[in-house]
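# Observations on the three-dimensional arrangement
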Amino acid sequence: MPNSSYQRILQSRRLPPREDRLAIDTIDMHTGGEPLRVILDGFPEISGKDVLDCRSRVRAQFDHLRTALMWEPRGHADMYGCLLVPPNSAEADFGVIFLHNEGYSTMCGHAVIALATLAVEMGWVDTRGAGEETAVTIDAPCGRIHAFARQGENERVESARFLCVPSFVLARNQRVSVPGLGQLNYDIAYGGAFYAYVDAAQLPFSLSAENATRIIDAGRAVKKAVAEQGPAIEHPYETDLSFLYGTIFLDSCATESADSRNACVFADGELDRSPTGSGVAGRMALHHAQGLLPAGKPLRIESILGSVFTGKVADTTHYGGHPAVIPEIQGSASITGEHRFHIDPADPFKHGFFLR
């Protein structure tokens, strides 16, 4: 005898709509292992004079939706996401606001690589076809990003690259006292966000996956110490961009697949699974200023997982009184799923919670 309940399951596989339950649709991706939740529908419409203004409105009015989508039970402590908004002008394809466990970042290279990939996969932009690059222009909080997605013979996006905003060194050869780690040397560079760069040779452990917790603790401690003891973090033009976003530990030991390794700890102790696009952009500025990276020379940087971004200095310029570079960063992204999240007003954890 057929199972009547099972027959009903076969006939009803989607939740029925309810007026009191907010549904938010996303496409989830990863770039080099780092997650990206792209919010596409269900979020209240956001408008403003530019992307930074939109970001301020989201923070002021809808931050509970950020926590609902980034925190548990829908996300986790290392979740990352973005919300698409109108561009600053018609010359760009769309704008983007970046979301994470602590709030809102100014730039995210792994998200740009993923969004360029998704824009082609979804037909949001006119594509060039197999073997060609399609341009995708994105207005981020830090400025305009020019990305390019390359399709293979089957028209699947194989890789994407982007030209970052002007990137520069804010401070070199600094020293800070960090509880539990002692005196550390560091530099500060900007690649759409400000990072403290620390040579991992100064640490009592390696940048390997089994040391993830120790890397997070050290990254948090360095960020706090630099914020308290270091120079003022000031963007030349935007006060909203004037803060230290994270710590990047550098391992100069080369492997078969890469020339160096990054371990980036950002926001509230998030450990980036990718090499960190904005962090690699800052490294291009730093190594160019150190005389270690001539323009045009590629540098392959791997993450704690072994995924690789390739960076190079595409051009040199000046920005806000600083010698600067235009970094080019390349990587690849994958789509992992489509999701419809429901936010029920009766759910005691509807806006999420955050545990480690």
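This text goes with the structure placed above it.
It should be emphasised that the depicted structure is a prediction, and the values quoted were computed from it without experimental measurement. Counting restarts for each chain, with residues numbered from 1 along the sequence as it is written. The predicted nature of this model means local features are confined to residues of pLDDT at least 70 and side-chain atom pairs, given and counted, to a pLDDT of 80 or more, with totals for whole chains, interfaces and linings taken over all residues. Heavy atoms throughout the structure, all of them, feed into the side-chain values; hydrogens and water do not.

### Considering the overall build of the chain
Our working definition: Numbering of helices and strands runs from the N terminus, with a helix taken as a DSSP run of H or I at least four residues long and a strand as a DSSP run of E at least two residues long. Radius of gyration: C-alpha atoms only; globule rule: 2.2 Å multiplied by the number of residues to the exponent 0.38. A contact between two residues is defined here by any heavy atoms of the two lying within 4.5 Å. A 1.4 Å probe and the Shrake-Rupley method give the accessible areas. Residues count as covered only by the protein chains that appear here. In summary, the charge assignment counts Lys and Arg as positive and Asp and Glu as negative, without counting His or the chain termini. Charge coordinates come from a single atom per side chain, which is NZ of Lys, CZ of Arg, CG of Asp or CD of Glu.
Looking only at helices and strands, the chain features six helices and 18 strands. For a compact globule of 356 residues, the expected C-alpha radius of gyration is about 21 Å, and the chain comes in at 21 Å, within 12% of that figure. Over its C-alpha atoms, taken along the principal directions, the chain stretches across nearly 75 × 50 × 45 Å. When contacts within the chain are restricted to residue pairs at least 6 apart in sequence, those whose partners lie at least 24 apart make up 63%. Of the roughly 15800 Å² that the chain leaves accessible, carbon and sulfur atoms contribute 48%. If you average the places of the 32 positive and of the 43 negative side-chain charges in the chain, the two averages end up 4 Å apart.

### A closer look at the layout of surface pockets
Going by this rule: With a 1 Å grid spanning the protein atoms alone, the term cavity applies to any set of points in which a 1.4 Å probe fits but cannot get out, the term pocket to an open set with protein on both sides within 12 Å along at least five of seven lines, and the term lining residue to any residue with an atom within 4 Å of a point. Grid points are joined across faces, edges and corners, and a volume is the space filled by probe spheres set on the points. Residues are grouped as follows: Ala, Val, Leu, Ile, Met, Phe, Trp, Tyr, Cys and Pro are nonpolar; Asp, Glu, Lys and Arg are charged; all remaining types, including Gly, are polar.
Of the pockets and cavities examined, the largest pocket occupies roughly 240 Å³. Residue lining of the largest pocket: 17 residues in total, with D187, V198, D199, L250 and Q290 positioned closest to the centre. Those elements that place two or more of their residues in the lining of the largest pocket are β10 (182-190), β11 (194-199), β12 (244-251) and α6 (277-289). Across the lining of the largest pocket, the residue classes break down as six nonpolar, seven polar and four charged. Space inside the second largest pocket adds up to approximately 180 Å³. Taken together, the residues of the lining of the second largest pocket sort by class into four nonpolar, one polar and five charged.

### Focus: the pattern of salt bridges
A side chain with one charge may pair with a side chain of the opposite charge, provided their charged atoms come close. Operational definition: In what follows, salt bridge is the name for a side-chain nitrogen of Lys or Arg lying within 4 Å of a carboxyl oxygen of Asp or Glu. Only protein chains enter the calculation, and the probe is 1.4 Å; a residue is then buried if its accessible area is under 20% of its type maximum, exposed if over 50%, and partly exposed in between.
Overall, the coordinates contain 18 salt bridges when judged by the stated rule. The partner of R150 in a salt bridge is E133, and the shortest N-O contact between them spans 3.9 Å. With a gap of 17 residues between them, R150 in strand β7 (residues 143-151) and E133 in strand β6 (residues 133-140) connect regions that are remote in the sequence. On the basis of relative accessible area, R150 is assigned to the partly exposed category, the value being 33%. The closest approach of N and O atoms between E328 and R161, which form a salt bridge, is 3.2 Å. Here E328, found in strand β17 (residues 322-331), pairs with R161, found in strand β8 (residues 157-163); they are 167 residues apart in sequence, far enough to count as distant. For the pair E328 and R161, a shared accessibility class is recorded, and that class is buried. Taken together, the salt bridges that share partners define one network made up of E133, R150, R161, K312 and E328.

### A look at α6
Threshold: Here a helix's expected span is defined as the number of its residues, less one, multiplied by 1.5 Å.
Its 13 residues place the ends of α6 19 Å apart at the C-alpha level, agreeing with the 18 Å of an ideal helix rising 1.5 Å per residue. Across the 13 residues that make up α6, a large majority, eleven, are buried. Taken residue by residue, α6 has G277, S278, G279, V280, A281, G282, R283, M284, A285, L286 and H287 as its buried positions. With its phi angle positive at about 80 degrees, G291 sits one or two positions after the end of α6.

### Notes on the pairing of strand β3 (residues 81-85)
Filter applied, for reference: DSSP-based pairing: two strands are paired if at least 2 bridges between them are found.
Taken across its five residues, β3 has four buried, putting it largely inside the fold. Of the pairings in the sheet, the one linking β3 to strand β4 (residues 94-99) comprises five bridges and is antiparallel in character. Following the sheet pairing, L84 is matched in β4 by V96.

### Observations concerning the packing of aromatic side chains
Worth spelling out the cut-off: Pairs were defined over the aromatic rings of Phe, Tyr and Trp, the Trp ring being its six-membered one, requiring ring centres within 6.5 Å. Orientation was assigned from the angle between planes: stacked under 30 degrees, edge-to-face over 60, tilted for the rest.
Tallying each qualifying case throughout the model produces 14 aromatic pairs. Judged by centre distance (5.9 Å) and plane angle (70 degrees), the ring pair of F43 and F62 falls under edge-to-face. Of this pair, F43 sits in the loop between β2 (34-41) and α2 (51-61) while F62 sits in the loop between α2 and α3 (63-70); the two residues are 19 residues apart in sequence, bridging distant segments of the chain. Of the two residues, F43 and F62, neither departs from the other in class, the shared state being buried. Consider the rings of F349 and F353, whose centres lie 5.4 Å apart with planes at 65 degrees: the pair is edge-to-face. Three or more aromatic residues link up through ring pairs in this structure, and these residues are Y80, Y195, Y197, F243, Y245 and F266.

### Focus: the nonpolar core
Under the convention used in this document: Note on terminology: a nonpolar core comprises buried Ala, Val, Leu, Ile, Met, Phe, Trp, Tyr and Cys residues joined through side-chain atoms within 4.5 Å.
Judged by nonpolar contacts, the single largest core of 89 residues is most densely connected at F162, I215 and F249. Of the residues forming this core, the biggest block, nine residues, is contributed by helix α4 (residues 109-122). Excluding its chain neighbours within four sequence positions, the residues that come into contact with F162 are M107, G109, V112, I113, I145, H146, A147, G277, P327, E328 and I329. Grouped together as the second largest cluster of nonpolar side chains are 20 residues, I39, M79, V85 and F341 included.

### What about unusual backbone geometry?
Among all residues except glycine, the phi angle is most often negative; among peptide bonds, the trans geometry is most common. P73 follows E72 through a cis peptide bond whose omega is 5 degrees. With respect to the helices and strands, the residue P73 is situated in the loop between α3 and β3. The backbone of E155 shows a phi angle near 70 degrees, a positive value even though the residue is not glycine. Mapped onto the elements, E155 comes out in the loop between β7 and β8.

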